[in-house]
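# Structural overview
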Amino acid sequence: MERTEDLIELCLLMGKMMQQNGAETYRVEDTMTRIAQSFGRDESQSYVTPTGIMFTISPGAHAKLVRVSARETNLEKVNLANDVSRKIASGDMSIHEAYKELRKIETSPTDYSILMQIIAATLASGFFTIMFQGSWYDFLPACVAGGLGFIALINFIRLFEIKFVAEFVASLLIGFTAFSLFSLGIGKEVDKIVVGSIMPLVPGLLITNAVRDLMAGHLISGLTKGAEAFLTAFAIGAGIAVMFALF
């Protein structure tokens, strides 16, 4: 019984880590099933949504639920969790060793520093502007607008605790900065500056996962992630539209 409970806890921890760090729903379910099979449990059942995971070791056994309250994009943790899964499948890890390793990964500071994220968003904004056929005169204002918008996003998420409000305010700041710099003669094409600056806010991974989940038959997860991506895109677009109307 102890081994069964430990295996359930291991599968739930693995599923939770992958789901809250950006893995696709079908991959989460497949990983949990493979772990159970590695320990001789071939009839395990799992039900994964963006906000919760249910798992049972066999159809007649009791099921356990774990809630996924926070979601972010951290593919490094997904990769490390996959490494643990592969070691379990090859027989190189016991249940307790795998659980201990997952706990270590869960609490490890694998995120990039805030400064590094801001620098990356700043440079990405400029180069996205160039990619969208903007000129090098638009590079600097795009970097400034994108960097300030990303700083605002980080801080307003902490303040409001509602991601969509933070994204709306960040897009407002991006639009205001871009139009202000353009009105001062800095930059040639304000539309290219705006488009490049908002790219660090665009939920690219979320959209990709929504489509992949829908294609894999996970309709609830796919629609949920798609709706979340739509709300994010709407918040960004609404903030820019307000600035267009004002300027």
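Residue indices begin from 1 for each chain and proceed along its sequence in written order. Local features are withheld for residues below a pLDDT of 70 in this predicted model, meaning they are given only at 70 or higher, and side-chain atom pairs are given and counted only at 80 or more; totals for whole chains, interfaces and linings count all residues. Hydrogen atoms and water are omitted, and side-chain values are computed over all heavy atoms in the structure.

Among the UniProt annotations of the protein, the heading Subcellular location (unreviewed entry) holds the following wording: "Cell membrane". UniProt positions are given in the numbering used here, feature names are shortened, and annotations may be inferred rather than shown by experiment.

## Here's the deal with the nonpolar core
One finds L10 and L102 to be the most contacted residues of the largest nonpolar core, which totals 30 residues. Counting only elements with at least two residues in this core, the list comes to α1 (2-20), α2 (25-38), β2 (52-56), α3 (75-89) and α4 (95-107). Secondary structure counts use DSSP, requiring at least four H or I residues in a row for a helix and at least two E residues in a row for a strand, with both numbered from the N terminus. At 9 residues, the largest contribution of residues to this core is made by α1. In this analysis, two residues are considered to be in contact whenever any of their non-hydrogen atoms come within 4.5 Å of each other. What L10 contacts, discounting residues up to four positions off in sequence, is I35, F39, I88, I95, A98, Y99 and L102. Put simply, a nonpolar core is a bunch of buried Ala, Val, Leu, Ile, Met, Phe, Trp, Tyr and Cys residues held in one set by side-chain atoms that sit within 4.5 Å of each other. Using a 1.4 Å probe on the protein chains alone, a residue whose accessible area is under 20% of its type maximum counts as buried, one over 50% counts as exposed, and one in between counts as partly exposed.

## Quick word on helix α5 (residues 114-131)
If you check α5, its first and last C-alpha atoms are 25 Å apart, about what 18 residues at 1.5 Å a residue would give, namely 26 Å. Lining the buried residues of α5 we find α6 (139-160) and α8 (190-198). After α5 finishes, the residue Q133 shows a positive phi value of roughly 70°. What a helix should span is 1.5 Å times the count of its residues minus one.

## Observations concerning the packing of aromatic side chains
Working definition: an aromatic ring pair is given by the centre-to-centre distance plus the angle between the planes. Only the six-membered ring of Trp is used, alongside the rings of Phe and Tyr, when aromatic pairs are assigned; centres must lie within 6.5 Å, and planes under 30 degrees apart are stacked while those over 60 apart are edge-to-face, with the rest tilted. For the structure shown, the criterion picks out 6 aromatic pairs. Seen from their ring centres, W136 and F139 are 5.5 Å apart, and the 45° between their planes marks the pair as tilted. Taking relative accessible area as the criterion, W136 reaches 60% and is therefore assigned exposed. Ring geometry for F230 against F234: centres 6.4 Å apart, planes inclined by 25°, an arrangement best described as stacked. Of the two residues, F230 and F234 are both situated in helix α10 (residues 219-246); the distance of 4 residues between them amounts to about one turn of the helix. Ring-pair connections join several aromatic residues into one group, and the members of that group are F127, W136 and F139.

## A word on unusual backbone geometry
Residue Q133 is not a glycine yet carries a positive backbone phi of 70°. Among the secondary structure elements, Q133 is positioned in the loop between α5 and α6.

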